[in-house]
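Spelled out from the first residue to the last, the chains are:
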Protein chains: 2
Amino acid sequence: MRLSQGVEWALHCCVSLTQAAEPVPAARLAELHGVPTAYLAKQLQALSRAGVIHSIPGQMGGYVLTQPPSAITALQIVVAIEGDVPVFQCTEIRQNGPLGVDPAKCSKRCAIARAMATAEHAWREALAEISIADLVAGIDADSSNTAIDGLRRWLATG
Amino acid sequence: MRLSQGVEWALHCCVSLTQAAEPVPAARLAELHGVPTAYLAKQLQALSRAGVIHSIPGQMGGYVLTQPPSAITALQIVVAIEGDVPVFQCTEIRQNGPLGVDPAKCSKRCAIARAMATAEHAWREALAEISIADLVAGIDADSSNTAIDGLRRWLATG
DNA sequence: CCAATGCGGATATAAAATATCCGAGTTCAA
DNA sequence: TTGAACTCGGATATTTTATATCCGCATTGG
């Protein structure tokens with residue numbers, strides 16, 4: 001079980017977009033992060049479909065955040081890239097075998113699925129507590145402001 | 001991102017083993033749950049390597065729990081099947097591109113990796129709070145004791 | 001000694017993640 | 001108005017992972 005690395009790219013891209021005054025093309029974000037352009041474009045499309053970022057076509061086009069950094073959560077980004085499917089997917093094996101439970105009596109999820117869903121909920125709640133603004137602040141603190149400042153300058157120099 | 005279905009099988013098997021007085025062969029667990037024997041055997045081997053269950057070879061052999069149900073957690077089982085790798089694996093893309101951070105200055109994890117690890121920790125803590133005994137109790141409550149009783153009887157009739 | 005069982009490796013198949021390309025639409029400048 | 005350059009978007013290969021199976025070996029109990 002592993003989160004697609006597209007999630008990592010998407011998080012970094014959203015952090016970078018907070019420092020851009022104008023739309024940033026996918027190719028430029030790919031160059032900045034040293035990742036393949038075409039594949040990153042796919043992740044950005046997913047973010048766009050999920051409404052996290054907005055795409056602007058045309059010569060001066062690119063991507064911009066749709067909301068202020070404090071309003072975008074890590075959960076939104078994870079769901080945008082990975083989809084909204086549960087991590088633990090119950091296949092109802094309680095209905096199988098010689099002691100299989102009658103499907104008509106399975107309107108309620110089984111105890112195992114409920115327990116796993118509870119744990120997953122804790123993960124999602126923690127992700128929802130993380131905003132892009134928090135991540136920017138964390139990077140800022142790590143680098144004594146040089147990283148974020150450098151980022152803003154690099155994005156400004158077309 | 002999805003948890004292998006081996007986790008579901010392993011959880012059900014551990015619940016079933018709580019009701020067995022003698023070692024239960026892999027083939028019998030597979031029959032009980034209506035899943036392919038050969039593949040379930042692989043998951044049971046993983047549980048055995050992790051020390052969650054104990055394997056007894058020979059004619060009267062099979063699997064038994066190594067600890068009381070209240071001492072076995074869902075986290076142990078997830079780790080046994082999926083491995084102990086983190087869900088979010090940071091590939092250090094902050095070191096890439098024109099603004100790449102000097103690798104020598106990356107002894108500390110980046111802010112994004114830290115935030116994701118925090119959320120993952122919440123998930124693991126929640127899983128560690130779930131014991132096999134809890135799951136048995138939950139199933140018992142769902143079925144007015146018929147499911148667990150039936151299970152014990154079926155396992156007793158060799 | 002024989003039958004039944006778990007263990008490990010080797011192997012095939014199915015699904016998903018990864019990586020890439022080309023077409024449709026939009027914007028800007030001449 | 002026209003065209004050209006640039007953008008995103010979806011459809012398409014390739015690689016990796018998960019799923020599923022099988023067979024030989026060691027061990028145990030009858």
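Residue numbers restart at each chain and count upward from 1, following the sequence in its written direction. Throughout, the order in which chains and ligands are written sets their labels, letters from A for the former and numbers from 1 for the latter. Note on the predicted model: pLDDT of at least 70 is required for a residue's local features to be given, and 80 or more for side-chain atom pairs to be given and counted; whole-chain, interface and lining totals, by contrast, use all residues. Only hydrogens and water are removed before side-chain values are computed, so all heavy atoms of the structure are retained for them.

Please provide a residue-by-residue account of the relation of the copies chain B and chain A, values included.
A least-squares fit on C-alpha atoms brings the copies together, and the residues used are those whose pLDDT is at least 70 in both copies. Placing chain B over chain A gives an RMSD of 0.1 Å and needs a rotation angle of 180°, together with 0.0 Å of translation along the axis. Seen this way, the second copy is the image of the first under a two-fold rotation axis. No C-alpha of chain B approaches the rotation axis more nearly than that of B:W123, which lies at 2.4 Å. We call two residues in contact whenever any of their non-hydrogen atoms come within 4.5 Å of each other. Here 98% of the contact residues of chain B are again contact residues in chain A; the copies associate through an equivalent surface.

Which residues make up the protein's contact with DNA strand D, and what values do they have?
Every one of the 23 residues lining DNA strand D counts as a neighbour, but A:Q45, A:R49, A:Y63, B:Q5 and B:P36 are closest to it. Nearness here has a simple test: a residue counts as near a molecule or strand if at least one of its heavy atoms is within 4 Å of that partner. Close to the protein, within 4 Å, the atoms of DNA strand D belong to sugar or phosphate groups at a rate of 70%. Residue A:R49 places a side-chain N or O atom 2.9 Å away from a phosphate oxygen belonging to DNA strand D. Within 3.5 Å is the distance limit for a polar contact, defined as a pair of N or O atoms, with the added protein rule that one can donate a hydrogen and the other accept it, and that residues adjacent in sequence qualify only through two side-chain atoms. Within the side chain of A:Y63, a nitrogen or oxygen atom sits 3.2 Å from a phosphate oxygen of DNA strand D. Helix numbering and strand numbering both begin at the N terminus, where a helix is a DSSP run of H or I of at least 4 residues and a strand a DSSP run of E of at least 2. Counting only elements with at least two residues in the surface near DNA strand D, the list comes to α3 (37-49) and β2 (62-65) of chain A together with α1 (5-17) and α3 (37-49) of chain B. No other element matches the four residues that α3(A) contributes to the surface near DNA strand D.

Before we move on, can you summarise the pattern of salt bridges with the specific residues and values?
Think of a salt bridge as a Lys or Arg side-chain nitrogen and an Asp or Glu carboxyl oxygen that are within 4 Å of each other. The full count for this structure, using the stated rule, is 14 salt bridges over all chains. Here B:D142 ties to A:R114 by a salt bridge, and the two come within 3.0 Å at their closest N and O atoms. Remark: A:R114 occurs in helix α5 (residues 111-128) and B:D142 occurs in helix α6 (residues 132-143); the pair is interchain, linking two chains. Here's how the labels work: a residue is buried when its accessible area is under 20% of the maximum for its type, exposed when over 50%, partly exposed in between, all with a 1.4 Å probe on protein chains only. In this structure B:D142 comes out as partly exposed when scored by relative accessible area, which is 34%.

Explain the protein's contact with DNA strand C to me, using residue names and the numbers behind them.
Contacts to DNA strand C come from 26 residues, most closely from A:A38, B:P25, B:A26, B:S55 and B:Y63. Of everything in DNA strand C that lies within 4 Å of the protein, sugar and phosphate atoms constitute 64%. Interatomic distance of 3.3 Å between a side-chain N/O atom of A:Q5 and a phosphate oxygen of DNA strand C. Take B:R49: an N or O atom from its side chain is 3.2 Å from a phosphate oxygen of DNA strand C.

Help me get a handle on the interface of chain B and chain A, residues and values and all.
Taken residue by residue, the interface counts 53 residues in chain B and 52 residues in chain A. Buried surface at the junction of chain B and chain A, summed over both partners, amounts to about 4,400 Å²; 71% is from carbon and sulfur atoms. For the pair chain B and chain A, the number of links is four salt bridges. Linking A:D142 and B:K108 is a salt bridge whose minimum nitrogen-to-oxygen distance equals 3.6 Å. Contributions of two or more residues to the side of chain B that touches chain A are made by α1, α2 (26-33), α4 (74-82), α5 (111-128), α6 and α7 (146-156) of chain B. Of the residues forming the side of chain B that touches chain A, the biggest block, 11 residues, is contributed by α5(B). Amino acids are sorted into nonpolar (Ala, Val, Leu, Ile, Met, Phe, Trp, Tyr, Cys and Pro), charged (Asp, Glu, Lys and Arg) and polar (every other residue, Gly among them). Here the side of chain B that touches chain A is built from residues that sort into 32 nonpolar, 10 polar and 11 charged. By definition, the buried area sums, over both parts, the 1.4 Å-probe accessible area that each loses when the two are put together.

How would you sum up the nonpolar core? Please name residues and give values.
The criterion is simple. A nonpolar core is a set of buried Ala, Val, Leu, Ile, Met, Phe, Trp, Tyr and Cys residues joined through side-chain atoms within 4.5 Å. If you look at the biggest cluster of nonpolar residues, it comprises 108 residues, and the most contacted ones within it are A:L47 and B:L47. Dropping the residues within four chain positions of it, A:L47 is found in contact with A:A10, A:C14, A:V52, A:I53, A:I77, A:A80 and A:I81.

Provide a residue-level description of the state of the cysteines, including the pertinent values.
Any two cysteine sulfur atoms within 2.5 Å of one another count as a disulfide. Applying the stated criterion across every chain yields a total of zero disulfides over all chains. Distance from the sulfur of A:C110, which forms no disulfide, to the nearest cysteine sulfur (A:C90) is 4.3 Å. Free cysteine: B:C14, not disulfide-bonded; nearest cysteine sulfur from B:C13 at 7.1 Å. Accessibility expressed as a relative area gives 0% for B:C14, which makes it buried.

Can you lay out the packing of helix α1 (residues 5-17) of chain A against helix α4 (residues 74-82) of chain A for me, pointing to particular residues and giving the numbers?
Residue and element names in this part refer to chain A. For the pair α1 and α4, interaxial distance at closest approach is 9 Å and the crossing angle is 135°. In terms of orientation, α1 lies oblique with respect to α4. Crossing handedness for the pair α1 and α4: right-handed. Across the interface between the two elements, G6, V7, A10, L11 and C14 of α1 pack against A74, I77, V78, I81 and E82 of α4. Of the residues assigned to the contact of α1 with α4, the class counts are eight nonpolar, one polar and one charged. Fitting a line to C-alpha atoms yields each axis, with helices limited to the stretch in contact; the angle taken between N-to-C directions then spans 0 to 180 degrees. Each angle receives one of four descriptions, namely roughly parallel if under 35 degrees, roughly antiparallel if over 145, roughly perpendicular if within 65 to 115, and oblique otherwise. Take the far helix as the reference: if the near one is turned anticlockwise from it by less than a right angle, the crossing is left-handed, and if turned clockwise, right-handed.

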